[in-house]
Amino acid sequence: MRKEFAKYSDGQLIDAIKAGDNSAFEWLVENYEHDIAKTVKGMIGNVPVADDVGQEVFIRFYHSVSKFRGDSSLKTYLTRIAINLSLNELKRRKAKRWLVFDNDHREIKSISDVHKQNDINEMVQLALSHLETKFRSVMVLRLMQGYSTKETSEILNLPQGTVLSRLARGQEKLRQIILNLEKTESYE
Amino acid sequence: MNDVRELMLKSLESTLTQDEQIKLKNALDTSEAMRKEMQDYELIRESLASSEPSFGEGFSNRVMQKLAKPQIDLFGSFKNIAISSVAAIALLMISVYFMDGSLDLDALYGIQGYSVEEEFYSFLNF
C-alpha cells in the first residue's frame with residue numbers, strides 16, 4: 001500500500017492524511033525528510049537540536065494539515081515551516097558571533113589553494129553557520145535546495161530583486177568568512 | 001560591490017549581455033586575483049549544491065512516536081483557568097455593585113452600612 005503513495009498527487013496524499021491514514025503521513029515524512037534536513041541543517045548547522053527541529057516541522061504540518069490549501073507544493077509548504085522553525089531556533093539560541101570580519105583584501109588567496117574537497121565542504125558548512133541569517137536563508141534555499149529565485153522569493157516572502165542581491169552579497173560574504181577562517185586556522 | 005565582482009556573481013545566476021561577457025572575460029584574463037575569486041564562487045556553489053545532510057536512521061519513526069505521545073498544553077490549560085477565574089471575579093464584583101451600589105472595600109467584605117460593633121459581632125458569628 002505504501003508504494004502506492006508515490007503515485008499520489010499532493011492533494012490525494014493530504015486527503016489520505018486528513019482521513020487519518022498514518023501510513024500516508026509516515027510516507028510523507030520519509031519522502032521529504034531529506035529536503036527538510038537540507039533546510040534545517042543548512043540554517044542551524046549540524047547540531048543535535050536539528051533533529052528536534054526537523055521532527056517539529058512534520059508535527060506542525062500534521063496538526064495544521066487542514067490549513068494546507070495547495071497554493072504551493074507540499075515541498076515548498078514544508079520548507080516554509082522548516083525555515084520559520086529554524087529562524088525561531090536561531091533566535092532562541094542567540095549565538096554570539098565570535099569572528100570579526102574585515103573586507104580588506106590584502107592578500108590574493110583562494111580557497112582551493114589550501115583545502116582538499118572534504119575540507120572545503122566542511123569549511124563551507126562552517127562558514128555558512130557564521131553567515132547572517134538573512135543571507136543564509138537565501139543561500140540555503142537557492143544553492144542547497146535548488147529552488148529558483150522566484151520560488152525562493154515566495155518561500156521567504158521577499159521580492160525577487162532582494163533575493164538576487166542577497167544571493168550575490170551572501171556568496172561574497174561567505175567567501176570572505178572562509179578566507180578569515182582559513183587565516184584563523186593558519187595562526188593556530 | 002565592484003563592477004567585475006558583480007558581473008562574476010551575475011554570470012553564475014543568469015546570462016550576461018555580450019558587452020558584460022567581454023568585460024568579464026577581459027577582467028579574468030588580466031587578473032589572477034579575479035580568476036581565483038571566480039573559482040572560489042564556483043567552488044562554494046558546487047559545495048553547497050552537493051551537500052547531503054540527513055537526520056540519520058529512524059527519523060520517520062521518531063516523528064511517528066512523537067506524534068503518538070499525548071501533547072500536554074500547559075499554557076492552554078492555564079489560559080482556560082485564568083479566563084474562568086477572571087469571569088468569576090467580574091461576576092462577583094457586578095453582583096456586589098448591584099447589591100450595595102458601590103465597590104469599596106466594605107462592600108466587597110459585605111459589611112457596608114454596619115456599625116463597628118455589628119461588624120465585630122458578624123465577624124465573631126462568621
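Source: prediction; values computed, not measured. (Residues numbered from 1 in each chain as written. Chains lettered and ligands numbered in written order. Predicted model: local features only at pLDDT ≥ 70, side-chain atom pairs only at ≥ 80, totals over all residues. Heavy atoms only, no water.)

**Side note on the overall build of chain B**
Each helix and strand in chain B was counted, giving 7 helices and 0 strands. Beginning at the N terminus, the succession of helices and strands in chain B can be written as α-α-α-α-α-α-α. Relative to its 126 residues, chain B shows a buried fraction of 29%. Of the roughly 9100 Å² that chain B leaves accessible, carbon and sulfur atoms contribute 60%. (Helix = DSSP H or I, 4+ residues; strand = E, 2+ residues; numbered from the N terminus. Buried < 20%, exposed > 50% of the residue type's maximum accessible area, 1.4 Å probe, protein only. Areas by Shrake-Rupley, 256 points an atom, 1.4 Å probe, with all protein chains shown as cover.)

**Digging into the confidence of the model for chain B**
Overall, the prediction assigns chain B a mean pLDDT of 84, with 87% of residues at 70 or greater. For this predicted complex, the interface score ipTM comes out at 0.79, alongside a pTM of 0.72. (pLDDT = per-residue confidence, 0-100.)

**Section: helix H3 (residues 32–50) of chain B**
Residue and element names in this part refer to chain B. For H3, with 19 residues, the first-to-last C-alpha span of 27 Å sits near the 27 Å given by 1.5 Å per residue. Regarding H3, the residues found buried are Met34, Lys36, Glu37, Met38, Asp40, Tyr41, Leu43, Ile44, Arg45, Ser47 and Leu48. Near the N-terminus of H3, the side chain that reaches the backbone nitrogen of Ala33, with its oxygen 3.4 Å away, is that of Ser31. (Expected span 1.5 Å × (residues − 1). Polar contact = N/O pair within 3.5 Å; in protein donor to acceptor, adjacent residues only side chain to side chain.)

**A word on the packing of helix H2 (residues 22–44) of chain A against helix H3 (residues 49–63) of chain A**
All names here are of chain A. As a packed pair, H2 and H3 sit with axes 9 Å apart at the nearest point and diverge in direction by 135 degrees. Relative to H3, the element H2 is oriented oblique. Where H2 crosses over H3, the handedness of that crossing is right-handed. Listed contacts from H3 to Asn22, Phe25, Leu28, Val29, Tyr32, Glu33, Ile36, Val40, Lys41 and Ile44 of H2 are Val49, Ala50, Val53, Gly54, Val57, Phe58, Phe61 and Tyr62. (Axes fitted to C-alpha atoms, helices over the stretch in contact; angles between N-to-C directions. Parallel < 35°, antiparallel > 145°, perpendicular 65-115°, else oblique. Left-handed = near helix turned anticlockwise from the far one by under 90°. Contact = heavy atoms within 4.5 Å.)

**Digging into a nonpolar patch on the surface**
Residue and element names in this part refer to chain B. Taken together, the side chains of Ile89, Met93, Ile94, Tyr97, Phe98, Leu103, Leu105, Leu108 and Tyr109 make up a nonpolar region of the molecular surface, amounting to roughly 970 Å² of accessible area. Going through the elements one at a time, helix H5 (74–100) and helix H6 (105–109) are the ones with two or more residues in the nonpolar patch. Looking at which element gives the most residues to the nonpolar patch, the answer is H5, with 5 residues. For Tyr109, the position within the fold is in helix H6. (Patch = residues over 30% accessible without salt bridge, like charges linked within 9 Å, V, L, I, M, F, W, Y side chains within 5 Å. Salt bridge = Lys/Arg side-chain N within 4 Å of Asp/Glu carboxyl O.)

**Some details on helix H4 (residues 59–68) of chain B**
Of the residues making up H4 of chain B, those classed as buried are Phe59, Ser60, Val63, Met64 and Leu67 of chain B. The buried residues of H4 of chain B occupy one face: seen down the axis, they fall within an arc of 135 degrees. Exposed residues pointing more than 90 degrees away from the buried face of H4 of chain B are listed as Gln65 and Ala68 of chain B. At its buried positions, H4 of chain B is contacted by H2 and H3 of chain A. (Arc of directions from axis to C-beta.)

**Side note on the interface of chain A and chain B**
On the chain B side, the residues contacting the 48 residues of chain A number 32 residues. Here chain A and chain B share an interface that buries about 3700 Å² over both sides, 62% of which is from carbon and sulfur atoms. For the pair chain A and chain B, the number of links is 7 salt bridges. The residue Arg142 of chain A makes a salt bridge to Glu13 of chain B at a minimum N-O spacing of 3.1 Å. For the pair chain A and chain B, the number of links is 9 residue pairs in polar contact (both at pLDDT 80 or more). Among the elements of the structure, H2, H3, helix H5 (111–114), helix H6 (117–129), helix H7 (133–144) and helix H9 (160–187) of chain A are those that each provide at least two residues to the side of chain A that touches chain B. If one sorts the elements of the side of chain A that touches chain B by residue count, H2 of chain A sits on top with 12 residues. A per-class count over the side of chain A that touches chain B returns 22 nonpolar, 12 polar and 14 charged. (Buried area = accessible area lost by both parts, 1.4 Å probe. Nonpolar A, V, L, I, M, F, W, Y, C, P; charged D, E, K, R; others polar.)

**Regarding the domain arrangement of chain A**
All names here are of chain A. Looking at chain A, the domain boundaries give domain 1 (1–98) and domain 2 (101–188). In this complex, domain 1 contributes 15 residues to the contact, which on the side of domain 2 involves 17 residues. Between domain 1 and domain 2 lies a buried interface of about 1500 Å² when both sides are counted; carbon and sulfur atoms form 60% of it. Counting every contact that joins domain 1 to domain 2 gives 0 salt bridges. Here domain 1 is connected to domain 2 by 6 residue pairs in polar contact (both at pLDDT 80 or more). Counting only elements with at least two residues in the side of domain 1 that touches domain 2, the list comes to H2 and helix H4 (74–93). (Domains from an automatic or database assignment.)

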